[in-house]
Structure formats: structure tokens, C-alpha cells
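Chain residues, written in single-letter form:
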Amino acid sequence: MKKLTVLVAVAGALAACGPVKSTANILDAEVQIQAARTAGADKLAPYEWTAANLYLDKAREEVGYSDYQAGVDFAVKASRFANEAREKAMSVSGSSDTDERTPNP
């Protein structure tokens, strides 16, 4: 009986990990998307920007259906695309800034 109680307690604790992990990943994706927005990714990296936002929307949808692992997977993809969008936007804006500052020979 004692083993059964421990087993039920462990199973309950593991079942609670899904919502926590998915929420943490969704929040991380939101932060990455905000960083990309600040870098101007919505204009300078539209493909990655759009992919990040669509994956974030899908992650929220899956969590709404209590499919937490799918929500985590989509949130991780959203974070990855948002990070790529930020990096691309920063490199594009950085190269255009240096072009404007360098005089033509």
C-alpha cells in the first residue's frame, strides 16, 4: 500500500510538469519575439518573424487543448525563429548603417 501511495504521488507530480514546462517555454518565446520586434525583425526579417509568431500561436492553441508536449515543441520552434529573426534584423540593420557611414571612393 505504501508503494502505491508513493507511485501515485510521483505520477501526480510528473503530470503537473506539463503545464509548467509549456508555460515557461511560451513565456520564453514571447520574450524572444519581443527582442526581435525591438531589433526591427518585423520589417527586416519577415519570414522568420512570421514563423515565430505563427508557431507561438500554435503553441498556445495546443496548450489550450491540454497537449502540453506539442505546446512545448511549438514554443521552442517559435523561440528559435524569433532568435533567427532578431539576429538577421541586427545584421541587416548593422550592414546598412556601415554602408551609410563609409564614404564612396
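Structure first, text after, so check above.
So, here is what we can say about the structure in this document. None of these values were measured; they are calculated from a predicted model.

## Considering the pattern of salt bridges
Part 1 of the reasoning: Counted under the stated rule, the structure contains five salt bridges.
Part 2 of the reasoning: Across the pair Lys88 and Glu48 runs a salt bridge whose closest N-O atoms are separated by 3.7 Å. Taken together, the residues span a long stretch of sequence, with Lys88 in helix α5 (residues 68–101) and Glu48 in helix α4 (residues 46–64) at a distance of 40 residues.
Part 3 of the reasoning: Lys88 gets classed as partly exposed once you look at its relative accessible area, which sits at 36%.
Part 4 of the reasoning: Among the ionic pairs, Arg60 bridges to Asp57, the shortest N-O distance being 3.8 Å. Taken together, the residues span about one helical turn, with Arg60 and Asp57 both in helix α4 at a distance of three residues.
Part 5 of the reasoning: Judged by its relative accessible area of 38%, Arg60 falls in the partly exposed class.

## Topic: the environment of Arg86
Part 1 of the reasoning: Structurally, Arg86 is set in helix α5.
Part 2 of the reasoning: Spatially, the C-alpha atom of Arg86 lies 9.3 Å from that of Gln34, the residues being 52 residues apart in sequence.
Part 3 of the reasoning: Ignoring sequence-local partners within four residues, the contact set of Arg86 consists of Ala35, Ala36, Ala39 and Ala41.
Part 4 of the reasoning: One polar contact links Arg86 to Asn83, side chain to side chain, over a distance of 2.7 Å.

## Details of the environment of Lys77
Part 1 of the reasoning: Residue placement: Lys77 occurs in helix α5.
Part 2 of the reasoning: Expressed as a C-alpha distance, the spacing of Lys77 and Leu54, which sit 23 residues apart in the sequence, is 9.9 Å.

## What to know about unusual backbone geometry
Part 1 of the reasoning: A positive phi is found at Ser66, a non-glycine position, where the angle reads about 65°.
Part 2 of the reasoning: The class for Ser66 is partly exposed, based on a relative accessible area of 47%.

## As for helix α2 (residues 17–38)
Part 1 of the reasoning: With 22 residues, α2 should reach 32 Å at 1.5 Å per residue; the first-to-last C-alpha distance of 32 Å fits that figure.
Part 2 of the reasoning: Among all positions of α2, only Gly18, Ser22, Asn25, Ile26, Ala29, Ile33 and Ala36 are buried. Taken down its axis, α2 places every buried residue within 105° of arc, on the same side. For α2, the exposed residues set more than 90 degrees away from the buried face come down to Val20, Val31 and Thr38.
Part 3 of the reasoning: The positive-phi residue at the C-terminal boundary of α2 is Gly40, with phi of around 85°.

Each value, and the rule that gives it
- Residues numbered from 1 in each chain as written.
- Predicted model: local features only at pLDDT ≥ 70, side-chain atom pairs only at ≥ 80, totals over all residues.
- Heavy atoms only, no water.
- Salt bridge = Lys/Arg side-chain N within 4 Å of Asp/Glu carboxyl O.
- Helix = DSSP H or I, 4+ residues; strand = E, 2+ residues; numbered from the N terminus.
- Buried < 20%, exposed > 50% of the residue type's maximum accessible area, 1.4 Å probe, protein only.
- Contact = heavy atoms within 4.5 Å.
- Polar contact = N/O pair within 3.5 Å; in protein donor to acceptor, adjacent residues only side chain to side chain.
- Expected span 1.5 Å × (residues − 1).
- Arc of directions from axis to C-beta.

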